[in-house]
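# An overview of the molecular structure
Here is how the chains run, residue by residue.
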Amino acid sequence: MDVTGPDESSVSRIAGAIGEPARARMLYALLDGRARTSTELAMTGGVNPSTASAHLAKLKAHGLVRVLVQGKHRYYSLAGADVARVLEGLNVLAGGAGANFVPNTPSKLRAARTCYDHLAGALGVQLFDRWTAMGLVGIESDDSCELTAKGVRAFESLGMDIDAARVARRRFAFACLDWSERRPHLGGAVGAAFLETAFRRKWLSRVRDSRAVVVTTPGAREFASRFGIRT
């Protein structure tokens, strides 16, 4: 029986592009959703600028990064949320699984961080658990999620545009496996909209040059009163 599967050669080439250590370090540096210059990524990758340029050209050729030119500067970012999800998945595989799993993630990153453009870490997982327990988010047969009518009202009350999230050219909502917690947080357009809203409302603030985020004093009050989460 013929079974149509992925193009093994393409998979191998992409895996090879990610697997080179310097390129992997560059990709993971972009996992916070911010764009960086080749000079910054050269420092992250531990290579000289010309080598970094060659690595970035390879990553771009394989559709893993995109480049934005502004004046004399070229800024690199991940090509999209699908790439970020693959990188997070590789982190899960690299860390192993099972009952004996003990996370060794730095405490600030484990507490709360960005996963490309949505919230991850212990806080992201806690929120996902509470949203499902409160009947705001339902999990489908696969890892896809849907908002209940109650969930739509709750998220729209925060100023989130759920209609815009539905028509975005990406998955609406899904359970994204968290690599430090080994349990899901909310990904997709809804997850991204929530993180943007949390930053706009100053519930969260970024840690400079890091994927880590911290809960502000107003944020701690809101997470407790709205979702019953103590941070």
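All values derive from a computational prediction rather than experimental measurement. (Residues numbered from 1 in each chain as written. Predicted model: local features only at pLDDT ≥ 70, side-chain atom pairs only at ≥ 80, totals over all residues. Heavy atoms only, no water.)

When helices and strands are tallied, the protein shows 11 helices and 11 strands. Here the C-alpha radius of gyration of the protein, 19 Å, is about what a compact globule of 231 residues would show, namely 17 Å. In terms of its C-alpha atoms, the protein occupies a principal-axis envelope of roughly 55 × 50 × 40 Å. Within the protein, the fraction of its 231 residues that count as buried is 41%. Within the protein, contacts between residues separated by at least 24 positions form 55% of all contacts whose residues are at least 6 apart in sequence. Only carbon and sulfur atoms are counted for the fraction: they give 54% of the accessible area of the protein, which is about 12300 Å². Seen as two clouds, the 32 positive and the 22 negative side-chain charges of the protein have centres 8 Å apart. (Helix = DSSP H or I, 4+ residues; strand = E, 2+ residues; numbered from the N terminus. Rg over C-alpha atoms; globule rule 2.2 N^0.38 Å. Buried < 20%, exposed > 50% of the residue type's maximum accessible area, 1.4 Å probe, protein only. Contact = heavy atoms within 4.5 Å. Areas by Shrake-Rupley, 256 points an atom, 1.4 Å probe, with all protein chains shown as cover. Lys, Arg positive; Asp, Glu negative; His and termini not counted. Charge placed at Lys NZ, Arg CZ, Asp CG, Glu CD.)

Right, let's talk about the packing of aromatic side chains for a bit. Going through the model one piece at a time under the given rule, you end up with seven aromatic pairs. Judged by centre distance (6.5 Å) and plane angle (75°), the ring pair of F155 and F194 falls under edge-to-face. Pair noted here: F155 is in helix α8 (residues 149-156) and F194 is in helix α10 (residues 188-200), with a separation of 39 residues, a long-range link. A relative accessible area of 1% places F155 in the buried class. Of the residues examined, F194 reaches a relative accessible area of 2% and is grouped as buried. Here the aromatic cluster, defined as three or more aromatic residues joined through ring pairs, consists of W131, F155, F194, W203, F223 and F227. (Phe/Tyr/Trp six-rings, centres within 6.5 Å; stacked < 30°, edge-to-face > 60°.)

Right, let's talk about the layout of surface pockets for a bit. As a volume, the largest pocket reaches approximately 210 Å³. Along the walls of the largest pocket sit Y28, A29, D32, R34, A35, R36, E40, T44, D209, S210 and R211, which together make up its complete lining. Going through the elements one at a time, α2 (21-29) and α3 (38-45) are the ones with two or more residues in the lining of the largest pocket. Here the residues of the lining of the largest pocket sort into three nonpolar, two polar and six charged. (1 Å grid on protein atoms, 1.4 Å probe; cavity = no way out; pocket = protein on both sides within 12 Å on 5 of 7 lines; lining within 4 Å. Points joined across faces, edges and corners; volume = space filled by probe spheres on them. Nonpolar A, V, L, I, M, F, W, Y, C, P; charged D, E, K, R; others polar.)

Here we take up the packing of α3 against helix α4 (residues 49-61). Put simply, α3 and α4 touch, their axes get as near as 9 Å, and they point 100° apart. With respect to each other, α3 and α4 are oriented roughly perpendicular. Counted together, S38, L41 and A42 of α3 and P49, A52 and L56 of α4 form the full contact between these two elements. A breakdown of the residues in the contact of α3 with α4 according to their chemical character gives five nonpolar, one polar and no charged. (Axes fitted to C-alpha atoms, helices over the stretch in contact; angles between N-to-C directions. Parallel < 35°, antiparallel > 145°, perpendicular 65-115°, else oblique.)

Two side chains bearing opposite charge may form a pair once their charged atoms approach each other closely. Counted under the stated rule, the structure contains 10 salt bridges. Among the salt bridges present, the one from R110 reaches E181, with a minimum N-O distance of 2.7 Å. Of this pair, R110 sits in helix α6 (residues 107-111) while E181 is found in the loop between β8 (174-177) and β9 (184-187), placing the two residues 71 residues apart along the sequence. We classify E181 as buried; its relative accessible area is 18%. Salt bridges here are not isolated pairs; linked through shared partners, they connect R85, D143 and R171. (Salt bridge = Lys/Arg side-chain N within 4 Å of Asp/Glu carboxyl O.)

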